[in-house]
Amino acid sequence: MTEQRRQNEDSKAPSARDRFLPALLDMGEALLGSGAEIYRAEDTLRRMGYAYGAKDMNVFVIPSSIVITMEMPDGTIRTQTRRVRTANSNDFTRLDDINELSRDYCGHPFSVEELRTRLEAITAQHVGKKELLAGCMIAAGAFAIFFGGDARDGAIAAMGGLLVWCLQVYFAPICMNDTVYTFLASFLMGLLVSAAGRIFPGLHVDQVMIGDIMLLIPGIMITNAIRDFLLGDTISGALRLIQAILLAGILVLGVMSALGIARWM
């Protein structure tokens, strides 16, 4: 019945296949934007293509691009490419929902319109500002205490977490790239902690700085790069590792610039 329904859909709407391929690209972009592994994105898109009725699926994914070639039983071949600019985000709740959607489709294929509707509903969900604020402040304060600071150091680090939250919510969406955002966030955070060190004598500036830096370190990106290497995705692993090293260098540059200005003043 599922195969017959899909064939009926194709017969009534000749462009149904043309709409399905962009929907697959949307799915792949959502997977990468949620922190999915390269092999997971490729495998998911390949399985959904076969579930739709494709005779052969060729999927190539790297963090910045998705290429899908779909060959149908009648010999029709369609290829589309998508430039991805949101592959560095991580939202594992959304990732789990997308995986569940792909499993539902592979088990019982439904229309392209329903696939798009359900995917849009998933991608429209975002972490609330209050939850993000609590996470930034608690994480920064906890890391500062974990690395040897006291309760006051943790409280000051939490204020740095508040600054990082403000930048994530209001500046990151309009920022041209992660490099500019990382430099500005680390620079302002360095100035804030340096100023706090002068206002509060005896403050352990190093521990406070570490607590706030932990919010900006591209740790998940480095982990994903190593994971891609181990899974044989050498190109993706190299791209992610280079980007992680670049962001780490920019982070150091921003902090050191702030400390240099603070000492000069």
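Residues numbered from 1 in each chain as written. Predicted model: local features only at pLDDT ≥ 70, side-chain atom pairs only at ≥ 80, totals over all residues. Heavy atoms only, no water.

### Some remarks on the overall build of the chain
- Of regular secondary structure, the chain possesses eleven helices and three strands.
- Along the chain, helices (α) and strands (β) appear in the sequence α-α-α-β-β-β-α-α-α-α-α-α-α-α when read from the amino end.
- Looking at the 265 residues of the chain, the share that counts as buried comes to 42%.
- Within the chain, contacts between residues at least 6 apart in sequence are counted, and of these 64% link residues at least 24 apart.
- If you sum the accessible surface of the chain, you get close to 13700 Å²; carbon and sulfur atoms cover 63% of it.
- Of the side-chain charges in the chain, 24 are positive and 28 negative, and the distance between the mean point of each set is 3 Å. (Helix = DSSP H or I, 4+ residues; strand = E, 2+ residues; numbered from the N terminus. Buried < 20%, exposed > 50% of the residue type's maximum accessible area, 1.4 Å probe, protein only. Contact = heavy atoms within 4.5 Å. Areas by Shrake-Rupley, 256 points an atom, 1.4 Å probe, with all protein chains shown as cover. Lys, Arg positive; Asp, Glu negative; His and termini not counted. Charge placed at Lys NZ, Arg CZ, Asp CG, Glu CD.)

### Details of helix α3 (residues 38-52)
- Compared with the 21 Å implied by 1.5 Å per residue over 15 residues, the 21 Å span of α3 between its first and last C-alpha is a close match.
- Within α3, the full set of buried residues consists of I38, A41, E42, T44, L45, M48, G49, A51 and Y52.
- Two residues or fewer after α3 comes G53, characterised by a positive phi angle close to 125 degrees. (Expected span 1.5 Å × (residues − 1).)

### Overview of the nonpolar core
- The biggest cluster of nonpolar side chains holds 34 residues, and the ones touching the most others in it are F20, L24, M27, I66, I68 and L115.
- Considering every element that reaches this core, the biggest residue donor is helix α2 (residues 16-33), with nine residues.
- With sequence-adjacent residues up to four places away left out, I68 is seen in contact with L21, L24, L25, L45, M57, N58, V59, R78, T79 and Q80.
- Counting residues in hydrophobic clusters, the runner-up holds 19 residues, among them C175, M189, V208 and L216. (Core = buried A, V, L, I, M, F, W, Y, C linked by side-chain atoms within 4.5 Å.)

### Thoughts on the pairing of strand β3 (residues 77-83)
- Pairing analysis gives seven bridges linking strand β2 (residues 65-71) to β3, with the strands arranged antiparallel. The partner of S65 across the bridge, within β3, is R83.
- A loop of five residues connects β2 with β3, the two strands running antiparallel in sequence, and G75 in this loop sits at a positive phi of about 95 degrees. (Pairing = 2+ DSSP bridges.)

### What about helix α4 (residues 92-107)?
- Under the 1.5 Å per step criterion, the end-to-end length of α4 is 22 Å for 16 residues, consistent within 8% with the ideal 22 Å.
- By the burial criterion, the buried members of α4 are R94, L95, I98, N99, L101, S102 and Y105. Angularly, the buried residues of α4 cover 160 degrees about the axis, an arc narrow enough to put them on a single face. In α4, the exposed residues that point more than 90 degrees away from the buried face are F92 and T93. (Arc of directions from axis to C-beta.)

### As for the side chain of S65
- By the secondary structure assignment, S65 is in strand β2.
- If we ignore the near neighbours within four places in the chain, the residues touching S65 are F60, T81, R82 and V84.

### Things to note about the sheet that holds β2
- Read from one edge to the other, the open sheet built from three strands follows the order β1-β2-β3, with strand pairing classed as antiparallel. At either end of the open sheet lies a strand with only one pairing partner, and these are β1 (56-62) and β3. Strand-to-strand twist of the sheet, defined as the mean angle between neighbouring strand axes without regard to direction, takes the value 5 degrees.
- Pairing between β1 and β2: seven bridges, direction antiparallel. Following the sheet pairing, I62 is matched in β2 by S65.
- Most of the contacts of α3 go to β1, to which it runs at about 155 degrees, and overall it touches β1 and β2. (Axes fitted to C-alpha atoms, helices over the stretch in contact; angles between N-to-C directions.)

### Observations concerning the packing of helix α8 (residues 178-199) against helix α11 (residues 234-264)
- At a minimum axis distance of 8 Å, the contact between α8 and α11 shows a crossing angle of 35 degrees. By crossing handedness, the relation of α8 to α11 is classed as right-handed.
- Grouping the amino acids of the contact of α8 with α11 by side-chain chemistry returns 14 nonpolar, eight polar and three charged. (Left-handed = near helix turned anticlockwise from the far one by under 90°. Nonpolar A, V, L, I, M, F, W, Y, C, P; charged D, E, K, R; others polar.)

### Some words on the confidence of the model for the chain
- On average, residues of the chain score 87 in pLDDT, and 93% of them are at 70 or above.
- Low pLDDT, under 50, characterises residues 7-14; the predicted model gives this stretch nine contacts beyond four residues in sequence or across chains. (pLDDT = per-residue confidence, 0-100.)

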